[in-house]
Amino acid sequence: MRLDALLTRLGLGSRSEVQRLIRRGAVTVGGRGIRVPGENVQPGALLTVDGQAVDSRVERTLMMYKPAGVLTAARDPKAATVMELLPPVCTSLECMPVGRLDKDTTGLLLLTTDGELAHRLISPKREIRKVYLATVDTPFIPEDVSAFAQGLALSDFTAKPALLEIVDEHTARVTVTEGKYHQVRRMLAARGHDTLALHRERVGPLALDPALRPGETRELTETELSGLRQAVDL
Ligand code: URA
């Protein structure tokens, strides 16, 4: 892609600002000074601006430990959104959340620049497993397990069979393969449980990194990314 377009996508300035940078000789690619804004360069190449190395990859996939109280939305006039927790470069590269977690749900949220990966991960056809730890107000009973396994009838659809594993009286691990609005909360409510806390632990082969604290993000490793891509036949 054009060098000036790459620098703009990386959030280094407007098109005219980065053109000025390039013309004054501030930019090297692959160790070579480039003064022509329209020069064709490869994203991911070794890039320096004013002698500082800049990560020039335009494809990024991150995991976030989503904290409670923030919206999974690109923007919102009033509430804080997950986008505000991203490194600025990811915002300018237009990293988007993969599906949604409710405002009060915590845990693993993926964000990616790769539209096809996102699309496949949320497609109901692919039945990617999502694992949640749910804390509820009333004690779980063994019949909850069989009701989840049979597929719960909700007001507007019947949920696909899901796995409910009781951890203790008020806590269970829930595995679902679809992601309709408020799905896990609604399934629990259908069994008479109000959800007090909901935390996503896994999406497909990927687990939330225990080293992340609420609000923190990190890029996926190559191995994690290829595992995720494999899970959706990419
Ligand atoms: N199910 C819910 O009810 N809420 C979430 O945030 C995710 C799954």
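Residues numbered from 1 in each chain as written. Predicted model: local features only at pLDDT ≥ 70, side-chain atom pairs only at ≥ 80, totals over all residues. Heavy atoms only, no water.

A.B. asks: I would appreciate a short explanation of the pairing of strand 9 (residues 163-168) in the present structure.
C.D. replies: The side chains of a regular strand alternate between the sheet's two faces. The sheet contact formed by strand 9 and strand 10 (residues 171-176) spans five bridges and is antiparallel. Across the sheet, residue L163 finds its bridge partner in strand 10, namely T175. (Pairing = 2+ DSSP bridges. Helix = DSSP H or I, 4+ residues; strand = E, 2+ residues; numbered from the N terminus.)

A.B. asks: So what exactly am I meant to see when it comes to helix 2 (residues 15-23) here?
C.D. replies: Owing to its 3.6 residues per turn, the α-helix aligns residues three or four sequence positions apart on the same side. Of the positions making up helix 2, those classed as buried are V18, Q19, L21 and I22. Taken around the axis of helix 2, the buried residues stretch over an arc of 155°, which confines them to a single face. In the core, the buried residues of helix 2 are packed alongside helix 1 (3-9), strand 1 (27-29) and strand 3 (47-49). (Buried < 20%, exposed > 50% of the residue type's maximum accessible area, 1.4 Å probe, protein only. Arc of directions from axis to C-beta. Contact = heavy atoms within 4.5 Å.)

A.B. asks: Is there a simple way to explain the domain arrangement of the protein in this structure?
C.D. replies: Interfaces are often sized by the accessible area lost when the parts come together. Each domain of the protein was delimited in the assignment, giving domain 1 (3-54), domain 2 (61-124 + 206-231) and domain 3 (129-203). Computed from C-alpha coordinates alone, the two centres of domain 1 and domain 3 are separated by 50 Å. (Domains from an automatic or database assignment.)

A.B. asks: Is there a simple way to explain the side chain of T171 in this structure?
C.D. replies: Structurally, T171 can be placed in strand 10. Side chain to side chain, T171 and D168 meet in a polar contact 2.8 Å long. Apart from the residues lying within four places of it in its own chain, the contact partners of T171 are L133, A134, T135, F140 and I166. (Polar contact = N/O pair within 3.5 Å; in protein donor to acceptor, adjacent residues only side chain to side chain.)

A.B. asks: Looking at this model, I keep getting lost on the pairing of strand 8 (residues 130-136). Mind explaining?
C.D. replies: Of all seven residues that make up strand 8, five are buried, and the element is covered over most of its length. Bridging between strand 8 and strand 10 involves six bridges; their strand directions are antiparallel. By the bridge assignment for strand 10, V131 is matched with T175. Summarising the sheet, strand 8 and strand 11 (residues 195-203) pair through seven bridges and their orientation is antiparallel.

A.B. asks: Looking at this model, I keep getting lost on the site of the ligand. Mind explaining?
C.D. replies: Around the ligand, the structure places L101, D102, T105, Y132, H182, Q183, V184, R185 and L198. Between an oxygen atom of the ligand and a main-chain N or O atom of H182, the distance comes to 3.2 Å. Here an oxygen atom of the ligand sits 3.3 Å away from a polar atom, N or O, in the main chain of Q183. About the coverage of the ligand: the protein hides 95% of its 240 Å² of free accessible area. When residues in the shell around the ligand are grouped by element, the largest group, three residues, is from helix 6 (residues 183-190). Among the residues making up the shell around the ligand, the classes are represented as four nonpolar, three polar and two charged. (Near = heavy atom within 4 Å. Areas by Shrake-Rupley, 256 points an atom, 1.4 Å probe, with all protein chains shown as cover. Nonpolar A, V, L, I, M, F, W, Y, C, P; charged D, E, K, R; others polar.)

A.B. asks: Is there a simple way to explain unusual backbone geometry in this structure?
C.D. replies: Most peptide bonds take the trans form, and the phi angle of most residues other than glycine is negative. The phi angle at E94 is positive, at roughly 65°, despite the residue not being glycine. By secondary structure assignment, the location of E94 is in the loop between helix 3 (88-92) and strand 6 (96-97). Its relative accessible area of 56% is what places E94 among the exposed residues. With a phi angle near 60°, D233 is a residue other than glycine that sits in the positive phi range.

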